[in-house]
Amino acid sequence: MDDRRIAVVTGGIGGLGTEICRHLARAGRRVIAADLPVREERLAGFAAETADLGDAVSFAPLDVTDFDACQDFAAGLERSHGAIDILVCAAGITRDTTLRKMDERQWRELMRVNLDGVFNACRAVVEGMTARGFGRIVNISSVNGQTGQFGQTNYAAAKAGIHGFTMALAREVARKGVTVNSVAPGYCRTAMVMAVPDAVREQIVAQIPVGRLGEPREIARTVAFLSDDDAGYITGALVPVNGGYFMSF
Ligand code: CAA
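As the structure is a prediction and not an experimental result, all values here were calculated from the model.

Visitor: Explain the pattern of salt bridges to me, using residue names and the numbers behind them.
Guide: Applying the stated criterion across every chain yields a total of 17 salt bridges. A salt bridge links R4 to D2; its shortest N-O distance comes to 2.8 Å. In this structure, R105 and E109 form a salt bridge, with 3.3 Å as the shortest nitrogen-oxygen distance. With R105 and E109 both in helix α4 (residues 104-132), this residue pair falls four residues apart, about one helical turn. Taken together, the shared-partner salt bridges in this structure form one network comprising D2, R4, R30 and D55.

Right, dumping it as structure tokens:
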């Protein structure tokens, strides 16, 4: 019998997503990377990057901005695999520009993916998790939701909103064996961060006490930790993984 826990990672073929899939698979999970099917090259790359993990990682197309698609996706997986035990919401985009230049589309597109996407995905799995009495939800926030960042009013609002959502949902499902936490990555070596102009990125790295960008695996191992069966007493938390870029208590 296959008793592996089933994990869904939205944005699963993205910069952090792939490493999160790999870590969860190595922790004994059966992982479904849910992401837009549009990037064929990236899909082939993902298949190559996870080939060593056999059937522990697979890909399924999903647009997190589509509420009904998320409902159908979760219902389908529960039928085929019996459950969704772990949900990692890692789907996210940037539309960096100062507010004075930001148009409505740049605001709405980002909100639809980064914040509505978390609602759509969590809404689709929460009934099953509470009914079964077990669930681990990990939402990917950002240090820039904690500090704000020049040119990121949209992104900072969504990432701060994610943690408000996390805390509220954590309270609602705490008695049902379901934990909900956020991870707040700092600047990591992903395509999203490498797209920041070199001079801006170099200035940011100069302010990171650890003195370098983070590695996606450093985020992934935190996600794996929070989604472990033994992590049942951590809920409503925001775990920063930022090289000391922002410290608080
Ligand atoms: N702080 C203060 N002033 C700044 C500034 C800053 N960080 N950056 C630019 N300025 C200044 C400019 O020098 C300019 O001054 P003048 O008008 O006197 O010349 C003024 O602000 C306005 O600049 P612009 O509106 O013309 O800005 P721009 O078009 O040059 O660039 C930007 C704006 C695209 C947002 C650019 O600043 C940028 O890319 N910033 C980085 C944003 C960033 O860090 N994004 C993170 C993406 S990765 C991620 O988000 C992952 C994660 O979770 C960590």
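Visitor: Give a detailed account of the packing of α4 against helix α6 (residues 153-173), specifying residues and quantitative values.
Guide: The geometry of a pair of packed helices is captured by two quantities: the angle between their axes and the separation between those axes. Running from N to C, α4 and α6 cross one another at 15 degrees; their axes reach a closest spacing of 9 Å. One finds that α4 runs roughly parallel with respect to α6. In this structure, α4 crosses over α6, and the sense of that crossing is right-handed. Contacts between α4 and α6 involve Q106, W107, L110, M111, N114, L115, V118, F119, C122, V126 and T130 on the former and, on the latter, T153, N154, Y155, A157, A158, K159, G161, I162, F165, L169 and V173. Within the contact of α4 with α6, the residues separate by chemical class into 15 nonpolar, six polar and one charged.

Visitor: Explain helix α3 (residues 67-81) residue by residue, including any values.
Guide: For α3, spanning 15 residues, the distance from its first C-alpha to its last is 21 Å, which sits close to the expected 21 Å at 1.5 Å a residue. In this fold, the buried residues of α3 make contact with β1 (6-10), β2 (30-35), β3 (57-61) and α4. G82 lies just past α3 and shows a positive phi near 90 degrees.

Visitor: With reference to specific residues and values, describe the side chain of T50.
Guide: The residue T50 is located in the loop between α2 (40-49) and β3 in this model. Given a relative accessible area of 6%, T50 falls into the buried group. Beyond its immediate chain neighbours, meaning those up to four positions away, T50 contacts R22 and V57.

Visitor: Explain the sheet that holds strand β7 (residues 238-241) to me, using residue names and the numbers behind them.
Guide: Here seven strands make up an open sheet; going across it, the order is β3-β2-β1-β4-β5-β6-β7 and the pairing parallel. With one partner strand each, in any of the chains shown, β3 and β7 form the two edges of the open sheet. Geometrically, the sheet is characterised by an average inter-axis angle of 20 degrees between neighbouring strands, direction not taken into account. As paired elements, strand β5 (residues 135-140) and strand β6 (residues 178-185) share six bridges and run parallel to each other. Within the sheet, the bridge partner assigned to R136 lies in β6 and is T179. The strands that α3 touches are β1, β2 and β3; relative to β2, the one it contacts most, it runs at about 160 degrees. Packed onto the sheet, α4 meets β1, β4 (86-89), β5 and β6 and runs at close to 170 degrees relative to β4.

Visitor: Now, about the side chain of D85: what can you tell me, with residues and values included?
Guide: Of note, D85 is situated in the loop between α3 and β4. Within polar-contact distance, the side chain of D85 engages the backbone nitrogen of I6 at 2.8 Å. Sequence-distant contacts of D85, that is, excluding residues within four places in its chain, are made with R5, I6, M129, R132, F134, G135 and R136.

Conventions and cut-offs
- Throughout this document, residue positions are counted from 1 along each chain, in the order its sequence is written.
- Owing to the predicted nature of the model, reporting of local features is limited to residues with pLDDT of at least 70; listing and counting of side-chain atom pairs is limited to 80 or more, with chain, interface and lining totals taken over all residues.
- Think of the side-chain values as coming from all heavy atoms in the structure, minus any hydrogens and water.
- One speaks of a salt bridge when a side-chain nitrogen belonging to Lys or Arg is within 4 Å of a carboxyl oxygen belonging to Asp or Glu.
- Secondary structure elements follow DSSP: runs of H or I no shorter than four residues count as helices, runs of E no shorter than two count as strands, and numbering proceeds from the N terminus.
- Think of each axis as a best-fit line through the C-alpha atoms, taken over the contacting stretch in the case of a helix, with angles from 0 to 180 degrees between the N-to-C directions.
- Small angles under 35 degrees read as roughly parallel and large ones over 145 as roughly antiparallel, with 65 to 115 read as roughly perpendicular and the rest as oblique.
- Should the near helix be turned counterclockwise from the far one by less than a right angle, the crossing is left-handed, whereas a clockwise turn marks it as right-handed.
- We call two residues in contact when some of their heavy atoms are within 4.5 Å.
- Amino acid classes used here: Ala, Val, Leu, Ile, Met, Phe, Trp, Tyr, Cys and Pro are nonpolar; Asp, Glu, Lys and Arg are charged; the rest, including Gly, are polar.
- Each residue after the first adds 1.5 Å to the expected span of a helix.
- Burial status follows relative accessibility: with a 1.4 Å probe on protein chains alone, a residue under 20% of its type maximum counts as buried, one over 50% as exposed, and anything between as partly exposed.
- Between any two strands, at least two bridges found by DSSP are needed for them to pair.
- Here a polar contact means two N or O atoms within 3.5 Å. Within protein one must be a hydrogen donor candidate and the other an acceptor candidate, and residues neighboring in sequence count only if both atoms are side-chain atoms.

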